[in-house]
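Structural features, examined
One letter stands for each residue in the lines below.
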Amino acid sequence: MTRAATHGNAGCPMPPRLRFAPSPSGYLHIGGARTALFNWLWAKKQGGRFVLRIEDTDQDRSSLESVRAILESLRWLGLDWDEGPEVGGDCGPYFQSERRGRYRQLADELVEAGKAYRCYATKEELDAARAALKAQDPKAQFVYPGWWRDKGPADWLEGRPFVYRFRTPAEGSARFEDEVFGVVETPNSAQQDFVLMRSDGFPLYNFSCVADDHDMRISLVGRGRDHLGNTAQQVLLYEALGWEPPRFAHLPMMLSPKGEKLSKRHAAVGVMDYAARGMTPMGVLNYLARFGWSHGDQEIFSRGELIEAFDWKSCGRSDGKFDEKKFSDVAFEHLKEPRLTSDEDYAAWVRPFLAENGLTDEQVPEGTLRAALPTIRERARTLVEAAVALDYYFREPPVVEEKARSKFLTPAHAPLLAQLRQVYEGAPRWTAEALEARLAEQGLEVKLAAQPLRVALTGRTATPPIFDVMAVLGRERTLARLGRGAELAAG
RNA sequence: GGCCCCAUCGUCUAGCGGUUAGGACAUCGGCCUCUCACGCCGGUAACGCGGGUUCGAUUCCCGCUGGGGUCACCA
């Protein structure tokens, strides 16, 4: 039994509950996807539950459109959630905007217990104080002066808007043991009386996060290191509310190649951008998994292997830089290996890209597609490239590149092409080996015949081994294309 | 600036006191070859600096430097 599997005061082993809690203020980017992945992996490995919660407490930045985009990305990645939007669960609602009553109730309880207080200072007053301080000392850091810290109900300005502030203990410190970073301790003196709820009744992150993680019985919170500092405040809140905190696991951050915080400015960072580029979900997941986590020297993992091998203890602690080349290579590895992407899955993944190029499903028989895949797997780094590589197998007639034609389909090649057509018309067996052998039997050299043959059959100078191509095309289409090639060559 | 975190090839990383410091990507040679790829073989390339501890530090401790995060009525 692992520590993480133990939760609750009875010490009885319970399946862990993990969560991913994005704020719907844009699409899902790869950093967020990695956070979701690690939590998902641990839930799968431990037989726990993976909860999806939408942190839409910032009205200005949240949108339903973003919620849809995030759900779409998670589904594409195959990171299914056991509880959350569209699937429900016992701990709902899973949108924070629908849980405001609970936050208000908890905030009032904290006030009653003397752990929080109402602060009637207006934004204007605060801004003025901030400005005054800056005027005196531009480098000074403004902290809330505590105007309402020691006041009580008798001082409340009924009818006026107010925020709830946490009464941070003057002494002591917040301490927790992170699964990745170990013991982290922050003195309370470094903390000011932070706001719990805004005057419009919406909670702030640190408050709603604690309330929901508790109410949703989350046993381990895995998130980015940018939240490491927030954890101290949250630990203080758990103490004030008399709750046992969950375990925490912070992940080192994924930075841009230049070492800056990753953002839209750095090429593609959205999960669906990579889907559009023709990567598979596992290609993306594999790269993300190996970022800040390792398992000996193993680089490539299937979904099952990832679940089997994942462990918070094997996560690193230092931030890393995103590397497009490595990402591309990992994604390629997944396309190349039938062990990682079966022919069946590959066919299903590549069809939309073929369709994008104007090849309808009727033009792409499943049997031919499956037969063609082994010939292009090691030649296509993405599904976009795969669709290009597969094109001539299905397009009738195939597109003939001008440079290829002018080099290998000239009048001088016409007799050879005509001869090749005859040679293969009489071929008794139609397998790659037999087709290659037939050439020598008829006194023709592979070296001399290959390129004209290739261009006549595919319209290109670079393709899989030409006899493999012929085997996939079949006798009828091969002979037809040879005939057409001979005609083109003759002019 | 306060608080917190981090530090091995260009990049992702292995290493958990004694290793010729390993792997992967990238890069540079070569081999294979009907083209293009794949694959294979080989090369270049790293422990930030200074103190300790120790018979011995990449590894443990301290300082420095460097990088990052966070200090909102954002998350």
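Look up a bit, the structure's there.
So, a few notes on the structure that sits alongside this text. For every chain, the first residue of the written sequence is number 1, and numbering continues from 1 along that sequence. Chain labels run from A onward and ligand labels from 1 onward, assigned in the order the entries are written. Restriction of local features to residues with pLDDT of at least 70 applies here, the model being predicted, together with a cutoff of 80 or more for giving and counting side-chain atom pairs; totals for whole chains, interfaces and linings are based on all residues. With hydrogens and water excluded, all non-hydrogen atoms of the structure serve as input to the side-chain values.

**Some thoughts on the overall build of chain A**
Convention followed: A run of DSSP states H or I qualifies as a helix once it reaches four residues; a run of E qualifies as a strand once it reaches two. Both are numbered from the N-terminal end. The atom set for the radius of gyration is the C-alpha atoms, and the globule formula is 2.2 Å times the number of residues raised to the power 0.38. Only protein chains enter the accessibility calculation, which uses a 1.4 Å probe; a residue is then buried when its area is under 20% of its type maximum, exposed when over 50%, and partly exposed in between. Here, residues are in contact when the closest pair of their heavy atoms is within 4.5 Å. The Shrake-Rupley method, run with a 1.4 Å probe sphere, supplies the accessible areas, and residue values consider only the shown protein chains as cover. Neither His nor the chain termini are counted; the positive set is Lys and Arg, and the negative set is Asp and Glu. By convention, the point assigned to a charge is CZ for Arg, NZ for Lys, CD for Glu and CG for Asp.
Tallying secondary structure elements over chain A gives 18 helices and 11 strands in all. What you see for chain A is a C-alpha radius of gyration of 31 Å, clearly larger than the 23 Å of a compact globule of 491 residues, by over 25%. The C-alpha extent of chain A, read off along each of the three principal axes, is 105 × 55 × 35 Å. By the burial criterion, 51% of the 491 residues in chain A qualify as buried. Summarising the internal contacts of chain A: among those between residues at least 6 apart in sequence, 75% fall at separations of at least 24. Total accessible area on chain A is roughly 22800 Å²; 51% of this is exposed by carbon and sulfur atoms. Separation between the mean location of the 65 positive side-chain charges and that of the 69 negative ones in chain A comes to 3 Å.

**Quick notes on the packing of aromatic side chains**
Heads up, the rule is: Two rings belonging to Phe, Tyr or Trp (six-membered ring only in the last case) form a pair when the distance between their centres is within 6.5 Å. Interplanar angles under 30 degrees mark stacking, angles over 60 mark edge-to-face geometry, and anything in between is tilted. Whether a charge lies above a ring is judged from NZ of Lys or CZ of Arg, which has to be within 6 Å of the ring centre and within 35 degrees of the ring normal.
The tally for this structure, following the rule as stated, stands at 23 aromatic pairs. Between the aromatic rings of Tyr120 and Trp148, the centroid separation amounts to 5.1 Å while the plane-to-plane angle is 50°, which identifies the pairing as tilted. Here Tyr120 is found in the loop between strand S3 (116-119) and helix H4 (123-136), whereas its partner Trp148 is found in the loop between H4 and strand S4 (163-166), with 28 residues between them in sequence. What makes Tyr120 buried here is its relative accessible area of 2%. On the basis of relative accessible area, Trp148 is assigned to the buried category, the value being 11%. A ring pair is formed by Tyr274 and Phe327, whose centres lie 4.7 Å apart and whose planes are at 40°; its orientation type is tilted. Here Phe327 lies in helix H10 (residues 324-336) and Tyr274 lies in helix H7 (residues 271-276), a separation of 53 residues in the sequence. Each member of the pair, Tyr274 together with Phe327, is buried. One aromatic cluster in this structure is built from Phe38, Trp42, Trp293, Phe301, Phe310 and Trp312. A cation over an aromatic ring shows up here: Lys336 above the ring of Phe332, its NZ or CZ 4.9 Å from the ring centre.

**Considering the protein's contact with RNA strand B**
Heads up, the rule is: Neighbouring residues are identified by heavy atoms, a residue being near a molecule or strand if any of them is within 4 Å of it. As used in this structure description, the phrase polar contact means that two N or O atoms lie within 3.5 Å; if the pair is within protein, one of them must be able to donate a hydrogen and the other to accept it, and residues adjacent in sequence are counted only when both atoms belong to side chains. The classification used treats Ala, Val, Leu, Ile, Met, Phe, Trp, Tyr, Cys and Pro as nonpolar, Asp, Glu, Lys and Arg as charged, and all other residues, Gly among them, as polar.
Taken together, 62 residues lie near RNA strand B, and Thr57, Arg198, Gly292, Glu378 and Thr463 sit nearest. Taken together, the sugar and phosphate atoms account for 68% of what RNA strand B places within 4 Å of the protein. Between Lys123 and RNA strand B, the recorded distance is 3.3 Å, taken from a backbone N or O atom to a base nitrogen. Within the side chain of Asp319, an N or O atom sits 3.2 Å from a sugar or linking oxygen of RNA strand B. With five residues, the top contributor of residues to the surface near RNA strand B is helix H17 (residues 446-458). Looking at the surface near RNA strand B, its residues break down into 21 nonpolar, 16 polar and 25 charged.

**Observations concerning the state of the cysteines**
We count it as follows: The definition used for a disulfide is geometric: two cysteine sulfur atoms within 2.5 Å.
Across all of its chains, the model carries zero disulfides by this definition. Here Cys91 stays unpaired: no disulfide links it, and the sulfur of Cys209, its closest cysteine neighbor, is 15 Å away. We note that Cys315 lacks a disulfide partner, and the nearest cysteine sulfur, in Cys209, lies 19 Å from it. Taking relative accessible area as the criterion, Cys315 reaches 5% and is therefore assigned buried.

**Section: the side chain of Asp56**
For the record, the criterion: What counts as a salt bridge is simple: a side-chain nitrogen of Lys or Arg found within 4 Å of a carboxyl oxygen of Asp or Glu.
Among the secondary structure elements, Asp56 is positioned in the loop between strand S2 (49-52) and helix H2 (64-77). For the buried Asp56, which has no salt bridge, the nearest side chain bearing the opposite charge is Arg53, at an N-O separation of 8.6 Å. In terms of polar contacts, Asp56 uses its side chain to reach the side chain of Ser97, at 2.7 Å. When residues no more than four places from it in sequence are discounted, the contact partners of Asp56 are Pro24, Ser62, Phe95, Gln96 and Ser97.

**Here's the deal with the pattern of salt bridges**
Taken as a whole and assessed by the stated rule, the structure comprises 34 salt bridges. For Arg198, the salt bridge identified is with Asp200, shortest N-O distance 3.2 Å. With a relative accessible area of 28%, Arg198 lands in the partly exposed category. What makes Asp200 partly exposed here is its relative accessible area of 38%.

**A look at the nonpolar core**
Under the convention used in this document: Only buried residues count toward a nonpolar core, which is a set of Ala, Val, Leu, Ile, Met, Phe, Trp, Tyr and Cys residues joined through side-chain atoms within 4.5 Å.
Judged by nonpolar contacts, the single largest core of 56 residues is most densely connected at Leu37, Leu74, Leu77, Trp293 and Trp312. At nine residues, the largest contribution of residues to this core is made by helix H1 (residues 30-46). For Leu37, the contacting residues outside a window of four places in its chain are Leu79, Leu285, Leu288 and Ala289. In this structure, Val364, Ala389, Leu435 and Val472 belong to the second largest nonpolar core, which totals 51 residues.

**Here we look at the sheet that holds S4**
Heads up, the condition is: What makes two strands pair is DSSP finding at least two bridges between them. To get an axis, a line is fitted to the C-alpha atoms, and for a helix only the part in contact is used. The angle between two axes follows their N-to-C directions and goes from 0 to 180 degrees.
Taken in spatial order, the three strands make up an open sheet running S3-S4-S7, and their pairing is antiparallel. Of all the strands in the sheet, the pair left with one neighbour each is S3 and strand S7 (195-197). Across this sheet, the average inter-strand angle for adjacent strands is 40°, counted without regard to direction.

**Quick look at unusual backbone geometry**
Keep in mind that most residues, glycine aside, have a negative phi and that most peptide bonds are trans. A cis amide bond, omega -5°, links Gly92 with the succeeding residue Pro93. Along the chain, Pro93 turns up in the loop between H2 and helix H3 (100-112). A cis amide bond links Glu396 with the next residue in sequence, Pro397, at an omega value of -5°. Mapped onto the elements, Pro397 comes out in the loop between helix H13 (383-394) and helix H14 (402-408). Backbone geometry places Glu86, a non-glycine residue, at a positive phi of 70°. For Glu86, a relative accessible area of 63% corresponds to the exposed category.

**Quick look at H17**
For clarity, the threshold we go by: To estimate how far a helix should extend, the number of its residues minus one is multiplied by 1.5 Å.
The first and last C-alpha atoms of H17 sit 17 Å apart over 13 residues, in line with the 18 Å expected at 1.5 Å per residue. Turning to H17, its buried residues are Ala449, Ala450, Pro452, Leu453, Arg454, Val455, Ala456, Leu457 and Thr458. Contact partners of the buried residues in H17: H13, H14, helix H15 (414-425), helix H16 (432-441) and helix H18 (466-490). Backbone geometry just after H17 places Gly459 at a positive phi near 80°.

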